[in-house]
Amino acid sequence: MTTTDGEPVEFAGVRVEPVISEAADHGRQLLRIVSAVIAGASSAYGRDRPNDFPPPESAVIARESGSQPFDLAKPLSLRIERFMLLVRLLRPGTSESMAEVQGETARSDDELS
């Protein structure tokens with residue numbers, strides 16, 4: 001699943017971030033996208049990174065803030081799954097989740113200034 005123009009899109013609190021790269025750089029590009037949201041994501045998989053064929057075309061991201069950040073993980077995961085269900089119902093295809101990384105989000109440039 002990806003966008004037709006290769007640009008990120010946000011809908012219903014879920015961001016679809018296309019992974020645009022050559023095959024040899026695909027994993028590194030995906031990790032860059034995830035690390036921009038979750039600091040330290042590069043160590044999330046340890047030594048066993050998921051290997052699926054074909055590689056993911058997009059990262060699907062849901063974010064929220066609150067006083068109890070770890071209580072938000074399950075509702076955010078469910079938000080992504082509902083989004084994926086809607087995509088499958090509205091657009092025939094075989095989109096499916098490959099892996100999920102949860103963690104505290106990195107501060108964006110907007111939050112730093």
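Residues numbered from 1 in each chain as written. Predicted model: local features only at pLDDT ≥ 70, side-chain atom pairs only at ≥ 80, totals over all residues. Heavy atoms only, no water.

Help me get a handle on the overall build of the protein, residues and values and all.
If you tally the helices and strands in the protein, you get 3 helices and 3 strands. Moving toward the C terminus, one meets the helices and strands of the protein in the order β-β-α-β-α-α. Evaluated residue by residue, the protein yields a buried proportion of 25% over its 113 residues. Intrachain contacts of the protein at a sequence separation of at least 6 include 58% that bridge at least 24 residues. Surface summary for the protein: the accessible area is close to 8,400 Å², and the carbon and sulfur share equals 52%. (Helix = DSSP H or I, 4+ residues; strand = E, 2+ residues; numbered from the N terminus. Buried < 20%, exposed > 50% of the residue type's maximum accessible area, 1.4 Å probe, protein only. Contact = heavy atoms within 4.5 Å. Areas by Shrake-Rupley, 256 points an atom, 1.4 Å probe, with all protein chains shown as cover.)

Would you mind going over a nonpolar patch on the surface in detail, with residue names and values included?
Together, Leu 85, Leu 86, Leu 89 and Leu 90 make up a nonpolar patch on the protein surface, roughly 440 Å² of accessible area in all. Looking at where Leu 85 falls in the secondary structure, it is placed in helix α2 (residues 73–90). (Patch = residues over 30% accessible without salt bridge, like charges linked within 9 Å, V, L, I, M, F, W, Y side chains within 5 Å. Salt bridge = Lys/Arg side-chain N within 4 Å of Asp/Glu carboxyl O.)

How would you sum up the pattern of salt bridges? Please name residues and give values.
Any two side chains of opposite charge can pair, given that their charged atoms come close. Evaluated as defined, the whole model comprises 3 salt bridges. The residue Arg 15 makes a salt bridge to Glu 17 at a minimum N-O spacing of 3.0 Å. For Asp 25, the salt bridge identified is with Arg 28, shortest N-O distance 2.5 Å. Its relative accessible area of 28% is what places Asp 25 among the partly exposed residues.

Please provide a residue-by-residue account of the sheet that holds strand β2 (residues 14–18), values included.
Spatially, 3 strands are ordered β1-β2-β3 in an open sheet, and the strand pairing comes out antiparallel. The sheet terminates laterally at β1 (9–11) and β3 (58–62), the two strands that pair on one side only. This sheet shows a mean twist of 20° between the axes of neighbouring strands, independent of strand direction. The pairing of β1 with β2 spans 3 bridges and is classified as antiparallel. Its bridge partner lying in β2, Phe 11 is registered against Val 14. Its contacts with the sheet put helix α1 (residues 26–37) on β2 and β3, and the angle it makes with β3 is roughly 10°. Here α2 sits on the sheet and contacts β1, β2 and β3; the angle it forms with β3, its principal contact strand, is near 130°. (Pairing = 2+ DSSP bridges. Axes fitted to C-alpha atoms, helices over the stretch in contact; angles between N-to-C directions.)

Provide a residue-level description of the nonpolar core, including the pertinent values.
Counting 9 residues, the largest nonpolar core is built from Val 14, Val 16, Ala 62, Leu 72, Leu 76, Ile 80, Phe 83, Met 84 and Val 87. Within the residue set of this core, elements represented by two or more residues are β2 and α2. The greatest single-element share of this core, amounting to 5 residues, is contributed by α2. Here Leu 76 is in contact with Ala 62, Arg 63 and Glu 64, once residues within four sequence places are set aside. Counting residues in each nonpolar core, the second largest holds 8 residues, with Ile 33, Ile 38, Ala 41 and Ile 61 among its members. (Core = buried A, V, L, I, M, F, W, Y, C linked by side-chain atoms within 4.5 Å.)

Before we move on, could you go through the side chain of Glu 17 and cite the residues and values that matter?
Looking at the element boundaries, Glu 17 is found in strand β2. Classification of Glu 17 as buried rests on a relative accessible area of 16%. A polar contact is formed between the side chain of Glu 17 and the side chain of Arg 15, at a distance of 3.0 Å. If we ignore the near neighbours within four places in the chain, the residues touching Glu 17 are Pro 8, Ile 33, Ser 58, Ala 59 and Ile 61. (Polar contact = N/O pair within 3.5 Å; in protein donor to acceptor, adjacent residues only side chain to side chain.)

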